[in-house]
Amino acid sequence: MATLELKGVKKSFGAVNVIHDMTLEVRDGELIVFVGPSGCGKSTMLRMIAGLETLTQGQISIGGKRVDHLPPTDRGIAMVFQSYALYPHKDVRGNLGFALKHAGVDKKEIEERVNNASEILGLSDLMTRKPRELSGGQRQRVAIGRAIVREPDVFLFDEPLSNLDAALRVHMRVEILKLHQRLGNTMVYVTHDQVEAMTLADRIVVFKDGQVEQVGTPLELYRKPANKFVAGFIGSPAMNFVNANAVDSAVMVAGTKLCSSKSAAGEVTLGVRPEHLILTEDGPFSGVVSVFEHLGGEAFLHMTLPDGQLLVAKLDGENSFSTGQPCSLGIRPEHCHVFNKEGYRIAE
Amino acid sequence: MRTLAKSGTEQTHRTPVRWYILVFLAPATLIYTVFAIYPIIESLRLSLYQAGDGQGIFVGIANYAKLFGEPLWADQFWNAFKNNVLLFVMHMLIQNPIALALAALLSIPNLKGAAAYRTIFFLPTLLSVVVVGFIWQLILSPLWGISPAFMNWLGVGSFFKPWLGLESSALITITLISIWQYVGIPLMLFYAALLNVPEETIEAARIDGLNGWWIFWKVKLPLILPTLGLVGILTYIGNFTASFDLIYSIQGGLAGPDYSTDVMGTFLFRTFFGFQAQLGDVYMGATVASALFFIILVGVGLYLFGVQRRLQRYDS
Amino acid sequence: MLIKERLSNAGIHTVLIAYSLLALFPLALILINSFKSRKAIFREPMGLPIGDSFSGKGYASVLSNSDFPLYFSNSLTVTCVSLVLILLLGAMAAHALSEYRFPGDTFIGIYLVLGIMVPIRLGTVALLELIVNLGLANTLTALILVYTAQGLPIAIFIFTEFLRSVSREIKDSARIDGLSEYRIFFEVVIPLVRPVIATVAVFSMIPIWNDLWFPLILSPGEETRTVTLGVQQFIGQYTVNWGAVLASLSVAIVPVLVMYIIFSKQLIRGITAGAVKG
């Protein structure tokens, strides 16, 4: 059990800054998710915590102890990799016990811990199999088991579910959540999938181009995204952005006031989540249906506004529209997100 | 090498020198440098010297002037060069098409016995040229070979000729023996490349209405062009160096009859070690080797900057 | 449609079988005749060694009356030691090149594979001088060092290409497990490269076992003669003792053959695993 502290961490490869300046405190027992598009630096940050990459500047502490000068194995961490990284020439038992055996842990204790981990993960029947004889999900379980066996202070997950198919991914996601509840360890989880981030995280760190865009609980990020990037990244389908005008703290689209914002002025961007758009009789968004996607319980309406901007609305599955049909959508004031020209959120 | 060891500190802060990189690289680099690169460079240097008392005397390009200027040397050089070029052209025109055709047949999906064919086709490649040379002498010799009897039995005995012994046919016979032995190498390379052509691409072509022959011609062949280039350059290098073994073991150092099968390798061997009346000459040997080095360099340069680059662009 | 397909199938096999016969016939000729008496060889070169034409004399004279066992052990020593060095040092260098970034890495990478394009034979003149100066003339050590230098470029090339395609994560995982960089190489990387070891081994072994050039030049002495050189001299010496010549040829073929049959499955897998992409 331990806290994890990053202080002014910077990383550059030659002239390229990969992590600009990262400071973060992860509380004991917290599951924190690093999320962002590929190449945003989230994996590099995780690898620095693990000790697989060196820091260019800054400090990393685990449990109050500074670790950035220590080799990976002495940091009290365990890591689960996207490609599972199992030793192909060792069976499941060998893989699970390898780190302990190497560290010279007593044989009986190794056995105990390996058995314990295999029970937690339901691997007991597979102990003599080689990795190539396992399915993807089983391999991932072994990889997680290998981490558990080490009884680390901090678990690190590097996109652990990306190589699994969709159904299995949902299943393993729940498993990891249960595991966190059961073990109560501090965990850092890297993913590019915002659904994983939303469902797993106590807190989410959104990365972009080596910089932290926002840190907060999933709902904070959903309700009050700090900028357009976070707003567009969190939530599915992605938030709609519409050009708007602010006059006397009133945010207007096509001459209609949608919400009020004291600090807004001039050209602004209005962010509207598809699930918050509602069907209306007369605007303020009026246009024609370009595509109507029916998913059964729900439906996505793609609408083209007169000035060519696109809007996606998530509607109830009862509705039905055909291409070219005129339609009209509206929104409640509390669901409006207003961003300034630079893309930052404007306070209400 | 020193910069290599020091480098660790530059890239990362607070990390010790990464000695293990040196440990991993040093043994291979050392052996390779001392026994492969140094001798080649030293040979290039020696080609600029001539025998003197004890140490060699620097003579600039005099040895090259001799090699290309004096008829005794120039005739031999150009004869060997011409034979090498012929050897190369014949391998390109005969060996590689055969290899490609066999590889294409072998790569047909679900072909029965593909593994057995593959093993058999590669067998001759495994053999020592000494063995191969003897086998074919045993077959082709007019005195103790089996061909005369065999051809009599077939009723075409009057067509038999001592092919290896005739100036007109010795080189082509050697070429065919060499092809018989080495067809396995390009075959394997082509085969591996053909197996790497994605199944989807072929299925897409089939849906587009192409049949087997056209799929090979229009889809597979363009995709394995880089391998064709690779086989080309390997054939080139092999012909200028490895051809020595076969010719030496069948025809001897004089590459008879009357030098009709002389190649750069046998020429270099004779120059270096001497033969009959002529004494061996280290410096002229180095000069011939260096000339050969430049010939290969030209080929490799053409390949790297011309062929390969264009093929890769096409590939991508 | 079906008939047409069958016909083309038969055509394909006809071509492949025809070429198989062409490849096998000379080999069979040697093996068959190596078991026959001299008379039988000339009377009926195509006949099988049965009945009174069978004779083990050739093998007997090769194995007893000559230095053949010595040549054989020389060849085996040179080939095996060179092979181990090529595989080990090649894999080590390839691991360093594929795993670590350091100044000059690209340069060293190119330098080490230059030898694929520039045959080491071109340096023979200076190489002989070097070997003599080192006091290694007429030793097996000379051959081993030269063959190792000759085999390293292609081995490094194939291993590097392969290791680059292997996920880095497994090595990182071993680092987290606390392995030193050396142990990562021996315990993780070596098992990982196993699929291409066969490819590298076969490609390195054939030219070593069969080489005539370097034994002829660097160690032609009676004591250090290899099988290939031995057979070559043997043929010149005993042109009368056909049985013995043919038997010695057969003996020279066997080790490569065995090695190839053992590795042939892995060989193709290794080649197609992306090791040789051109």
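The structure displayed is predicted, hence computed values, not measured ones. (Residues numbered from 1 in each chain as written. Chains lettered and ligands numbered in written order. Predicted model: local features only at pLDDT ≥ 70, side-chain atom pairs only at ≥ 80, totals over all residues. Heavy atoms only, no water.)

**Considering the interface of chain C and chain A**
Here's step 1: Between chain C and chain A, the contact holds 18 residues from the first and 23 residues from the second.
Here's step 2: When the area that chain C buries against chain A is broken down by residue, the three leading residues are E169(C), I176(C) and D177(C), summing to 42%.
Here's step 3: Counting across the chain C and chain A interface gives two salt bridges.
Here's step 4: With a shortest N-O distance of 2.5 Å, D172(C) and R47(A) are connected by a salt bridge. (Contact = heavy atoms within 4.5 Å. Buried area = accessible area lost by both parts, 1.4 Å probe. Salt bridge = Lys/Arg side-chain N within 4 Å of Asp/Glu carboxyl O.)

**A short note on the interface of chain B and chain C**
How big an interface is tends to be reported as the loss of accessible area on association of its parts.
Here's step 1: Contact with chain B, which involves 88 residues of that partner, is made by 89 residues of chain C.
Here's step 2: Regarding the contact of chain B and chain C, the summed buried area is about 8200 Å², with carbon and sulfur atoms giving 82% of it.
Here's step 3: If you look at where chain B meets chain C, you find one salt bridge.
Here's step 4: Across the pair D245(B) and R121(C) runs a salt bridge whose closest N-O atoms are separated by 2.8 Å.

**Description of the state of the cysteines**
Here's step 1: This model, assessed by the stated rule, comprises zero disulfides over all chains.
Here's step 2: Considering cysteine sulfurs only, C336(A) is the nearest to C327(A), which forms no disulfide, with 18 Å between them. (Disulfide = S-S within 2.5 Å.)

**So, the domain arrangement of chain C**
Residues and elements named next belong to chain C.
Here's step 1: Each assigned domain of chain C is listed here: domain 1 (2-55) and domain 2 (61-275).
Here's step 2: Between domain 1 and domain 2, the C-alpha centre-to-centre distance is 32 Å.
Here's step 3: Taken together, the contacts link nine residues of domain 1 with eight residues of domain 2.
Here's step 4: Summing the contributions of domain 1 and of domain 2, the shared interface buries around 660 Å²; its carbon and sulfur component is 77%.
Here's step 5: The interface formed by domain 1 and domain 2 holds zero salt bridges in total.
Here's step 6: Counting every contact that joins domain 1 to domain 2 gives zero residue pairs in polar contact (both at pLDDT 80 or more).
Here's step 7: Looking at the side of domain 1 that touches domain 2, the elements with two or more residues in it are α1 (2-34) and α2 (38-43).
Here's step 8: Counting residues per element, the side of domain 1 that touches domain 2 draws most heavily on α1, at five residues.
Here's step 9: For the side of domain 1 that touches domain 2, a count of residues per class yields five nonpolar, two polar and two charged. (Domains from an automatic or database assignment. Polar contact = N/O pair within 3.5 Å; in protein donor to acceptor, adjacent residues only side chain to side chain. Helix = DSSP H or I, 4+ residues; strand = E, 2+ residues; numbered from the N terminus. Nonpolar A, V, L, I, M, F, W, Y, C, P; charged D, E, K, R; others polar.)

**Brief notes about the side chain of S178(B)**
Residue and element names in this part refer to chain B.
Here's step 1: Position of S178 among the secondary structure elements: in helix α9 (residues 167-182).
Here's step 2: For S178, a relative accessible area of 9% corresponds to the buried category.
Here's step 3: Among all residues touching S178, those that are not within four sequence positions of it are H91, Q95 and L246. (Buried < 20%, exposed > 50% of the residue type's maximum accessible area, 1.4 Å probe, protein only.)

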